[in-house]
Amino acid sequence: MHAVGIVAAAGSGLRLGADRPKALVPLADRPLVCWAVDTLRDGGVADVVVAVPGDELSAFATVLPLDVRLVVGGSTRTASVRAALAAVGTGVDAVLVHDAARPLTPPDLVVRVLEALSAGARAVVPVLPVVDTTVVVDDDGGVADTVDRSVLRRVQTPQGFARDALVDAYAWLPPDAELTDDAAVVRAAGVPVATVAGDERGAKVTVPHDLALAELQVSR
Ligand code: CTP
Ligand code: MG
């Protein structure tokens, strides 16, 4: 199976609040985007396209391996993945979409996603259970309801797709639509989405505390 990886790295990282785009922020002296590319490659996906901010092309080209393809992303994650997907050629069986913001995702998660696709899934996402009591609040912040968390899952990346399912779903999606992940795009287009076990180490770096935790993990 020929799989291509897409790394969404075109965000600005407002919540992290660093002095550069989040994907260029170092973890143990290496930009987050380099860790994310390594995860895909170590998991068996050699061909990688990275969506980057338009004004930072040269900064990304400097830190990434020469054989990684760079495309200019968009103003939303959905637009960035759409742009990267346009650079994925034909003759490709599967596409794995990963966040640059998940530097410590272990490669065996990539392997699990690839195995599910090989077994026939058209779309697959890594998931983890919800461990905290989860509630619905009203407009005033009061608790309106408690949700049955046993049916809830937290969704990670890389998310895997049959190439034509992902391409067709993005072609069907209105140009300005904004969804938080790619499984939501294919599901909206009617494709069933399977799950595999996620991994806590694949947590997303969103706020400064997440980066501090990641630094602790790599320093052990
Ligand atoms: N992303 C992207 N293009 C965008 C926005 C986000 O490629 N226009 C990518 C980010 O680079 C990140 C991933 O999508 O790797 C997940 O998004 P998120 O964690 O929200 O990152 P940012 O959008 O950069 O952060 P923030 O929302 O705090 O600004
Ligand atoms: Mg964002």
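All residue numbers refer to positions counted from 1 along the written sequence of the respective chain. Chain A is the first chain written and ligand 1 is the first ligand written, with later ones labelled in order. Where local features are concerned, this predicted model is filtered to residues with pLDDT of at least 70; where side-chain atom pairs are given and counted, the filter is 80 or more; whole-chain, interface and lining totals use all residues.

**Q** Looking at this structure, how should I read the site of ligand 1?
**A** The criterion for a residue being near a molecule or strand is simple: its C-beta atom, placed using the backbone, must lie within 6 Å of it. Ligand 1 sits among 22 residues. The nearest are Ala8, Gly11, Leu14, Arg15 and Ser80. Gly counts as polar in this scheme, as do all residues outside two lists: the nonpolar Ala, Val, Leu, Ile, Met, Phe, Trp, Tyr, Cys and Pro, and the charged Asp, Glu, Lys and Arg. Partitioned by chemical class, the residues of the shell around ligand 1 number eight nonpolar, nine polar and five charged.

**Q** Sorry if this is basic, but what is going on with the UniProt feature "site: Positions MEP for the nucleophilic attack" (unreviewed entry) in the protein here?
**A** The feature "site: Positions MEP for the nucleophilic attack" (unreviewed entry), as given by UniProt, occupies Arg149 and Lys204 in the numbering adopted here. Counting through the fold element by element, lysine 204 comes out in the loop between strand S12 (194–197) and helix H7 (208–219). Not counting the four nearest positions on each side in its chain, lysine 204 is found in contact with Asp99, Ala101, Arg102 and Asp210. UniProt positions are given in the numbering used here, feature names are shortened, and annotations may be inferred rather than shown by experiment. The helix and strand labels rest on DSSP assignments: H or I over at least four residues marks a helix, E over at least two residues marks a strand, and numbering proceeds from the N terminus. By definition, residues are in contact whenever their C-beta atoms, placed on the basis of the backbone, come within 7 Å of each other.

**Q** For this particular structure, what's the right way to read the pairing of strand S11 (residues 159–162)?
**A** To sort residues by exposure, count the other C-beta atoms lying within 10 Å of each residue's C-beta; 20 or more gives buried, 12 or fewer gives exposed, and values between give partly exposed, all with C-beta atoms placed from the backbone. Across the two faces of S11 the burial is the same, with Gln159 and Phe161 and Gly160 and Ala162 all buried. Two strands qualify as a pair provided DSSP detects at least 2 bridges between them. Here strand S6 (residues 94–99) pairs with S11 via four bridges, running antiparallel. Directly across from valine 97, in S11, lies its bridge partner glutamine 159. Here strand S7 (residues 123–129) pairs with S11 via two bridges, running antiparallel.

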